[in-house]
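Listed here are the chains, written in short residue letters.
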Amino acid sequence: MTTRTSTGSEPGADTSVPVGGAVGRPVDRRDGHAKVTGAVRFSAEHHYPNLTYATLVHATVARGTITGIDTAAAAAVPGVVAVLTHRNAPRIKPPRKLNIVRNLGPDVSGTDVDYLNTDQVFWDGQPIAVVVAETSAAANEAASLVEVTYDRLPVRVDFAAEQKNATPAKGDPFSFAGVKKKGDAEAALAAAEVSVDLRYTTPGLQHNAIEPHATVAVWEGDHLTVHDTTQSIHQTGHYLAWRFGVPASHVRVRAEFLGGGFGGKFAVWPGTVIAAMAAKAVGRPVRLALSRTAVSRATGGRTASTNRIALGATRDGRLTSLIQDSITRTGSVGGLLEATTSPARHLYGAENMLTRQNLVPMDLVPNTWLRAPGEAIGSFVLESALDELAYELSMDPIDLRLRNEPATDPTDGKKFSQRMQREAFERGAERFGWADRNPEPRSMRDGEWLVGMGTATAYHPTLRLVADVKVRLSDDGSALVQCGFHEMGMGAATVQAQIAADALGIAYEKVRVEYGDSALPSGPMAGNSNQTATVATSLLAACAELTRKVSALARRTGTTGQEPASALRAAGRPFIEASVGSDTRLGALGGQGRLLSNFLKDQRWSKAARGAQFCEVRVNADTGELRISRWLGMFDVGRIINPKTAASQLRGAVVMGIGMAMSEQSLIDPRNGRTMSAGLDSYYVPVHADIPPIDVDWLDEPDKTMPLGIIGLGEVGMTGVAAAIANAVYHATGKRIRDLPITLDKLL
Ligand code: MOS
């Protein structure tokens, strides 16, 4: 078995880590040097003899039936090996209907469309054919020549028009969403001394990871190997095995390196299934690398949202009523109930609360996870409204928040495992110089620039799934950690190596980590900011078990007190191993089958990553140009394993929040559902010039209910960002922007 191995000895690695002192050190990312020097191979870069190249053909109507599909011109292009449509593609097992509310893990597919086995079209952009050719140029050319006719059906593609058809989502078993009620929030709002009742909207967002989705699929008999851009190698493997009717052990999914995931690579999207189907059909390996346009058309992004948010308070700023009624969309063939009311349910101790999630199905590519799903939208809505209320009360927005700090979780009454919200605001305000802010809008100016300062609460729940981990100590003193987790660029392998080194009492450089391969012990999917704490839970248990075995051996061999490997040498044993969790039986669910053990244990607490975001903006008084001039995020994110990778994660998330606030929006043609922003020329992500130096720091207080005190921090950095910016824009200009993104036309 060849798997990607990371070692501490790559150029640039920090080689001065003392034994027992790896955790907490800013060691370099193990994969960093190889990535920036082009030494690693991403999914699309794996080469096989006889490799073919595939290109998708996308539907150009949003709803209908294919009545004709003419592939003659495509097939005649030199180098074309096959053109597969619903008429000639291999038949595979149809997917089961997705349950959108419960679609948290087992239903790993992004849609329930039976690609290339159906003549039905459910969104503009749905893949309806694939060309396989000797070169990608031939495949691309041929794909453009496929002629399709349709019987069209009426379409629901305009969110603004469709939202009147939204209906309340029923609560899911883990209460991520649904309707939550405490007291009589409407009556309390009507009776409140001071209140706001507002409407906020956010646009759909698209995934634009630096690495577009890609799959290389190789069949050998009834064994399938896929190199796939996935955040869920095990679930993807089980899904493909089921769809293609082969045992799960015959499918191997590899994703050693990802150029970002952000939730866009969690679900199985059409390219993965179609690549495996095409490889089967042509009897050769197939590479299907989506163009950025194809990513936008054939994989999901974030839902748009419309929100009513209402707050009632006493004159002295105690919340008496908190209402959020949120409308989001799904697809007709899948989608995610994005829990946009999550912050409203967990942040402030309002006496009366009502939150409701409403869903409307639309004929668009199903929406999916996109970094901090729920909280990214919800924190914009809630934290902007709190700022509005603070102005109504003539109260400092930080004081208003701190006055409503709850003693226990406001919705379910659970105790907080960790909560340093007050400290985050106090320390952040001090460092940012919040006291220098004149609260009067339009009161601070620097030449032609109006200057504003804004703040918002950051919040993202933390959870653990399960991981199977194997650890081996060899007689040369080195250790090998094996777990099929994911390295999307966040330093996942680096931090686990740090944890293992200290747990085993050996040098950091002596630890190798293997990951990103479903042939390894089953790891968790990389999502919901769970991975570090999940893997650490099993890794610590495996290291403890290994240490017990080594200690017993040391006693027998009289080597107690010496370095761990001396016992192995004295006993003449080349290595000793320990495994945790390898008894997983719920095959169809992969490693997630034992999700409930950690997950339910953690449900006793209200657990979350928290923080306080601070920003300073400059708005040009003449042109409306908006610039972010300063940023500080002060976070309550438990014990930090690696300050360098942690800071990068938090900064990167702030950047995504800035994109959400200032420029990103999915543009859908309201007549036909065509994505008009299917490329970086029309979908604007932040560039370097948009981003100021981003100061991030943390309180470094371990969560005593988590392994090593770890709280996941992959997503919290994005939350509160858009609100902090919108609040700063109001402070600078006196204009309250309630509809993202904050483009300059809205500031004139
Ligand atoms: Mo994330 S949206 O859980 O990759």
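Residues numbered from 1 in each chain as written. Predicted model: local features only at pLDDT ≥ 70, side-chain atom pairs only at ≥ 80, totals over all residues.

**Q** I'd like to hear about the overall build of the chain, residue by residue, with values.
**A** Regarding its fold elements, the chain presents 18 helices and 26 strands. Since a compact globule built from 748 residues should have a radius of gyration of about 27 Å, the 26 Å found for the chain is in line with a globular shape. Considering only C-alpha atoms, the chain reaches an extent of 80 × 75 × 50 Å along its principal axes. Residue burial in the chain is summarised as follows: out of 748 residues, 57% are buried. Counting only contacts in the chain whose residues sit at least 6 apart along the sequence, the fraction spanning at least 24 positions is 82%. (Helix = DSSP H or I, 4+ residues; strand = E, 2+ residues; numbered from the N terminus. Rg over C-alpha atoms; globule rule 2.2 N^0.38 Å. Buried ≥ 20, exposed ≤ 12 C-beta atoms within 10 Å, placed from the backbone. Contact = placed C-beta atoms within 7 Å.)

**Q** Can you lay out helix α6 (residues 233-244) for me, pointing to particular residues and giving the numbers?
**A** Its 12 residues place the ends of α6 16 Å apart at the C-alpha level, agreeing with the 16 Å of an ideal helix rising 1.5 Å per residue. Most of α6 is tucked away, with nine of its 12 residues classed as buried. Along α6, the residues that are buried comprise I233, H234, Q235, T236, G237, H238, Y239, L240 and R243. Contacts made by the buried residues of α6 are with β12 (223-228), β13 (251-254) and α7 (270-282). Immediately beyond the C-terminal end of α6, within one or two residues, lies G245, with a positive phi of roughly 70 degrees. (Expected span 1.5 Å × (residues − 1).)

**Q** Please set out the sheet that holds strand β5 (residues 120-121) residue by residue, giving values where relevant.
**A** Strand-to-strand pairing in sheets goes through backbone hydrogen bonds, with the strands running parallel or antiparallel. Taken in spatial order, the three strands line up as β5-β3-β7 in an open sheet, and their pairing is antiparallel. The sheet is open, and its two edges are formed by β5 and β7 (147-152), each paired on a single side. As paired elements, strand β3 (residues 64-70) and β7 share six bridges and run antiparallel to each other. Directly across from T65, in β7, lies its bridge partner D151. (Pairing = 2+ DSSP bridges.)

**Q** Describe the sheet that holds β13, listing the residues and the values that go with them.
**A** The strand order β4-β6-β2-β14-β11-β12-β13 describes an open sheet built from seven strands, whose pairing is mixed. A single partner strand is all that each edge strand has here, and the edge strands are β4 (80-85) and β13. Within this sheet the neighbouring strands show an average axis-to-axis angle of 20 degrees, counted without direction. Across six bridges, the pairing between strand β2 (residues 52-58) and strand β6 (residues 127-133) is antiparallel. In the strand pairing of β6, V57 is matched with A129. Along the sheet face, α6 touches β12 and β13 and points at about 145 degrees away from the line of β13. (Axes fitted to C-alpha atoms, helices over the stretch in contact; angles between N-to-C directions.)

**Q** Can you tell me about the packing of helix α13 (residues 492-504) against helix α14 (residues 531-557), naming the residues and giving the values?
**A** For the pair α13 and α14, interaxial distance at closest approach is 9 Å and the crossing angle is 30 degrees. Compared by their axis directions, α13 and α14 come out roughly parallel. The two elements α13 and α14 meet at a crossing, and its hand is right-handed. Together, A492, V495, Q496, I499, A500, A503 and L504 of α13 and Q531, T532, V535, A536, L539, L540, C543, L546 and T547 of α14 make up the contact between the two elements. Residues that form the contact of α13 with α14 fall into these classes: 12 nonpolar, four polar and no charged. (Parallel < 35°, antiparallel > 145°, perpendicular 65-115°, else oblique. Left-handed = near helix turned anticlockwise from the far one by under 90°. Nonpolar A, V, L, I, M, F, W, Y, C, P; charged D, E, K, R; others polar.)

**Q** Tell me about α14, residues and numbers included.
**A** End to end, α14 covers 38 Å across 27 residues, agreeing with the expected 39 Å (1.5 Å per residue, within 8%). Two residues or fewer after α14 comes G558, characterised by a positive phi angle close to 65 degrees.

Note that all results are geometric; they support no functional claim without further evidence.
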